[in-house]
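Listed here are the chains, written in short residue letters.
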Amino acid sequence: MVSTNNKDKPWDTPDIDKWAIEEFKPEDNASGLPFMEESSFMTLFPKYREKYLKSMWGSVTRALEKHHIGCTLDLVEGSMTVKTTRKTYDPAIILKARDLIKLLARSVPFPQAVKILEDDMACDVIKIGNVVTNKERFVKRRQRLVGPNGNTLKALELLTKCYILVQGNTVSAMGPFKGLKEVRRVVEDCMKNVHPIYHIKELMIKRELAKKPELANEDWSRFLPMFKKRNVARKKPKKIRKEKKVYTPFPPAQLPRKVDLEIESGEYFLSKKEKEIKNREERKEHQEEKQKERETERQKDYIAPKEEKYSSSITKKDKTGKKYHKDENDGDESMEE
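Note that the structure is a prediction, hence the values are computed from the model and not measured.

A. Structural view of the sheet that holds strand β1 (residues 40-44). One open sheet holds the three strands; their spatial order is β1-β3-β2, and the pairing between them is antiparallel. Only two strands of the sheet have a single neighbouring strand rather than two, namely β1 and β2 (69-74). The average undirected angle you get between the axes of adjacent strands in this sheet is 15 degrees. Against the sheet, helix α1 (residues 50-65) makes contact with β2 and β3 (79-84), and its axis sits at roughly 165 degrees relative to β2, the strand it touches most.

As structure tokens, then:
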């Protein structure tokens, strides 16, 4: 229900920033007692992240110890766990720690992922694997989000002030809440076959409009471009018409059976031993043919290539067939018969 108490409040002065996020300090926990129950979160990580997490786990532990949060890395099970301790005073820090291990599992590097413990930082892991069923189409649209040399992703990061990482079937994003909302909209539309460049243009226009104070209370829809989905006419492949067969009321002639073919060739009347001898001879002939083919293939490497005929530039032939020898030093020509 909407509040009807609209009286002026003496503590609500214009100099107060209502949107500022204040740091939660130990003295803010009025009771000073530990929490009644222990809260814990667990996240599984893929096998390829095991080596990196093992090397960086000391830094993760030190970062969480500052906020009095315990953490364990289970390499056998392939999981990371964070939990509150008796010294934990901030009730929301366990949720930040949960986001940290979630980002580490999604291949976000630790120096970037540890920023999630800050108050003004939030994260969002967008699942894109189930949107497109065709694998080739999914890979193309995911690559479209990254862009050539990662330019599309860099532009999105600058406009939304978020860190974005495309990894496998998910897109991990870190930044302010407003930027994360824009990133999710762009990613989901990209997987629905709407190019990210349209959203980038829209965000650039909004960025410029935000600088003008006279447009602060106006509707911006008239400035934003309207992109309509169009069905581009494409040439359909020509259908190859099959030639119509002449109709005949008579069925096709019956194909001869295997027994009939054996009777024609005379093989049917041979004994079992004679058949084996015949099969052996055929096999031997086939082997000899293959052997000859292999030998010819091997001999190809030993055949010398054809050499070009060498013609000396010193000796020249006259039309009559007599050779003239040119002496380069004197410049005189001597004739040979």
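And the narrative resumes.
B. Fine view of the state of the cysteines. For the structure on display, the rule yields zero disulfides. Sulfur of C190: no disulfide; nearest cysteine sulfur belongs to C162 and is 16 Å away.

C. Geometry of unusual backbone geometry. Even without being glycine, N149 reaches a positive phi, approximately 60 degrees. Judged by its relative accessible area of 73%, N149 falls in the exposed class. Backbone geometry places K161, a non-glycine residue, at a positive phi of 60 degrees. Following the sequence through the fold, K161 ends up in the loop between α5 (151-160) and β5 (163-167).

D. Structural view of the packing of aromatic side chains. A full pass over the atoms with the stated rule returns two aromatic pairs. Where Y268 meets F269, the ring centres are 5.6 Å apart and the plane angle is 85 degrees; that geometry is what we call edge-to-face. The ring centre of F41 lies 5.4 Å from the NZ or CZ of R98, which sits over that ring.

E. Spatial organisation of the UniProt feature "domain: K Homology" (unreviewed entry) in the protein. Here, the residues flagged by UniProt with the feature "domain: K Homology" (unreviewed entry) are residues 120-192. The annotated region residues 120-192 carries 51% helix and 23% strand content, and the separation between its end C-alpha atoms amounts to 31 Å.

F. Just a nonpolar patch on the surface, in detail. On the surface, a nonpolar cluster with roughly 310 Å² of combined accessible area is contributed by V194, I197, Y198 and F227. Its place among the elements puts V194 in the loop between α6 (177-191) and α7 (196-210).

G. Just the packing of α5 against α7, in detail. The interhelical angle for the contact between α5 and α7, taken along N-to-C directions, is 30 degrees, at an axis separation of 10 Å. Considering the angle they form, α5 stands roughly parallel to α7. For the element pair α5 and α7, the recorded crossing hand is left-handed. Residue-level contacts link T152, A155, L156, L158, L159 and T160 of α5 to P196, I200, L203, M204 and R207 of α7. Here the contact of α5 with α7 is composed, by residue class, of eight nonpolar, two polar and one charged.

H. Region of the structure containing the pairing of β3. A large share of β3 lies buried, amounting to five of its six residues. Looking at chain direction, β1 and β3 are connected through five bridges and run antiparallel. Residue pairing across strands places L44 opposite S79, the latter belonging to β3. Judged from the six bridges that link them, β2 and β3 form a sheet pairing that is antiparallel. In the sheet register, G70 faces β3, and the bridge partner there is K83. Count of turn residues in the β2/β3 antiparallel hairpin: four residues, of which G78 carries a positive phi of about 75 degrees.

Thresholds applied
- Residues numbered from 1 in each chain as written.
- Predicted model: local features only at pLDDT ≥ 70, side-chain atom pairs only at ≥ 80, totals over all residues.
- Heavy atoms only, no water.
- Pairing = 2+ DSSP bridges.
- Helix = DSSP H or I, 4+ residues; strand = E, 2+ residues; numbered from the N terminus.
- Axes fitted to C-alpha atoms, helices over the stretch in contact; angles between N-to-C directions.
- Contact = heavy atoms within 4.5 Å.
- Disulfide = S-S within 2.5 Å.
- Buried < 20%, exposed > 50% of the residue type's maximum accessible area, 1.4 Å probe, protein only.
- Phe/Tyr/Trp six-rings, centres within 6.5 Å; stacked < 30°, edge-to-face > 60°.
- Lys NZ or Arg CZ within 6 Å of the ring centre and 35° of its normal.
- UniProt positions renumbered as here; feature names shortened; annotations may be inferred.
- Patch = residues over 30% accessible without salt bridge, like charges linked within 9 Å, V, L, I, M, F, W, Y side chains within 5 Å.
- Areas by Shrake-Rupley, 256 points an atom, 1.4 Å probe, with all protein chains shown as cover.
- Salt bridge = Lys/Arg side-chain N within 4 Å of Asp/Glu carboxyl O.
- Parallel < 35°, antiparallel > 145°, perpendicular 65-115°, else oblique.
- Left-handed = near helix turned anticlockwise from the far one by under 90°.
- Nonpolar A, V, L, I, M, F, W, Y, C, P; charged D, E, K, R; others polar.

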